[in-house]
Amino acid sequence: MSLAVAIQMDPIETINIDADSSFVLALEAQRRGHALYHYLPQHLSLRGGRVVARCRPLQVRREKGNHYSFGSWETIDLATMDVVLMRQDPPFDMAYITATHLLEHIHPQTLVVNDPVRVRNAPEKLYVTHFPELMPPTLITADRQEVLAFRAEHKDIIVKPLFGNGGAGVFHIGPEDENLSALLELFTQLYREPIIVQRYLPEVRQGDKRIILVDGVPGGAIDRVPEKGEARANMHAGAKPQKATLTERDREICAAIGPALREAGLVFVGIDVIGGYLTEINVTSPTGIQEINRFDGVRLEADIWDAIDRRLGERARPAV
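Undergrad: I keep staring at the packing of helix α5 (residues 144–154) against helix α6 (residues 180–190) and nothing clicks. Help me out?
TA: Two packed helices can be described by the angle between their axes and the distance between those axes. As a packed pair, α5 and α6 sit with axes 11 Å apart at the nearest point and diverge in direction by 145°. Crossing handedness for the pair α5 and α6: right-handed. From α5, R144, V147, L148 and R151 reach across to α6, where they touch L180, S181 and L184. Its residues assigned to classes, the contact of α5 with α6 comprises four nonpolar, one polar and two charged.

Undergrad: Can you help me understand the sheet that holds strand β16 (residues 268–274) in this one?
TA: Pairing between the strands of a sheet comes from backbone hydrogen bonds, and it takes one of two forms, parallel or antiparallel. Within the open sheet, the five strands sit side by side as β15-β14-β13-β16-β17. Their pairing is antiparallel. Because the sheet does not close on itself, it has two edges, and the strands there are β15 (240–243) and β17 (277–282). When the angles between neighbouring strand axes are averaged without regard to direction, this sheet yields 30°. In terms of strand pairing, β16 meets β17 through five bridges, oriented antiparallel. Pairing of D272 across the sheet is with E280, part of β17.

Undergrad: Looking at this structure, how should I read the layout of surface pockets?
TA: If a probe as big as a water molecule is rolled over the atoms, it shows which places are left empty. By volume, the second largest pocket is sized at about 250 Å³. Along the wall of the second largest pocket there are 14 residues; nearest its centre are P91, F92, D93, F163 and E193. Taken together, the residues of the lining of the second largest pocket break down into ten nonpolar, two polar and two charged.

Undergrad: Would you explain the pattern of salt bridges in this entry?
TA: For the coordinates displayed, the defined rule picks out 19 salt bridges. The salt bridge involving K243 is made with D296; its shortest N-O contact spans 2.8 Å. Placement of the pair is K243 in strand β15 and D296 in helix α8 (residues 289–296), with a sequence separation of 53 residues. Notably, a salt bridge pairs R299 with E301, separated by 3.9 Å at the nearest N-O pair. Through salt bridges that share partners, E28, R31, R32, R299, E301, D306 and D309 make up one connected network.

Criteria and thresholds
Residues numbered from 1 in each chain as written. Predicted model: local features only at pLDDT ≥ 70, side-chain atom pairs only at ≥ 80, totals over all residues. Heavy atoms only, no water. Axes fitted to C-alpha atoms, helices over the stretch in contact; angles between N-to-C directions. Helix = DSSP H or I, 4+ residues; strand = E, 2+ residues; numbered from the N terminus. Left-handed = near helix turned anticlockwise from the far one by under 90°. Contact = heavy atoms within 4.5 Å. Nonpolar A, V, L, I, M, F, W, Y, C, P; charged D, E, K, R; others polar. Pairing = 2+ DSSP bridges. 1 Å grid on protein atoms, 1.4 Å probe; cavity = no way out; pocket = protein on both sides within 12 Å on 5 of 7 lines; lining within 4 Å. Points joined across faces, edges and corners; volume = space filled by probe spheres on them. Salt bridge = Lys/Arg side-chain N within 4 Å of Asp/Glu carboxyl O.

Right, dumping it as structure tokens:
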């Protein structure tokens, strides 16, 4: 069945076609005969009770420097689409939250992936706190004394902004580091939100494991290994992807959170696991599909579209 699919994402002109997950999702949709439309988040509007987007028909191809073609601009009522992929990158700020409110007007009649209400309620570093038994020792606070007490207990810590992404603003504060007070002053100036503090996990040197779950089921994993002298294991910060396998502990974590993800309509999720601890649940714009595909010889984008098809089928099935 051919579908009409709108992709809400960042400028496609600037993506790395060898790494971008949205790109391979678009390729797979096109392979299945779906009609694609592309628009930027700022082209989303609520007008007279209708959610519309100023967009362009899109064609994609795996040719560097020639990976996309646009049709003419048009304004479409997103309620006429079968699927909207909400794929813009964080930061998870008020603009991001506003987009979820607008898309809430059309979901689930138009299937939004991931569910905008659940995306709004599941910031990466907060949603994971609903599974405290899987996490390392963690503190979320704006209270300086709480941070100092946590550091006194755990000695070696990571400090990061609550709504950061891509490794931006992540600091490793060792037991002898004298910069914590200055760092807290800086964070107070930069952010109104609390910060997140976690016990440092030295296993990160062997890799921060990204596991992709499709409708709550693990599809594959990669290890993101930080560069020497770098505390951050994000690929945006220079970490290198390496082949990884799912351990028994990884599968325990996935089994514990998978039903909740599936029930919440979170079709495409990326979780981060370090040393057997769950550190983040990424639902906004997860990455890692292409790296896993290359290492494991799989096509996770096809699994994601199969899951979308199943949800569309369930929606169309008459109630018993």
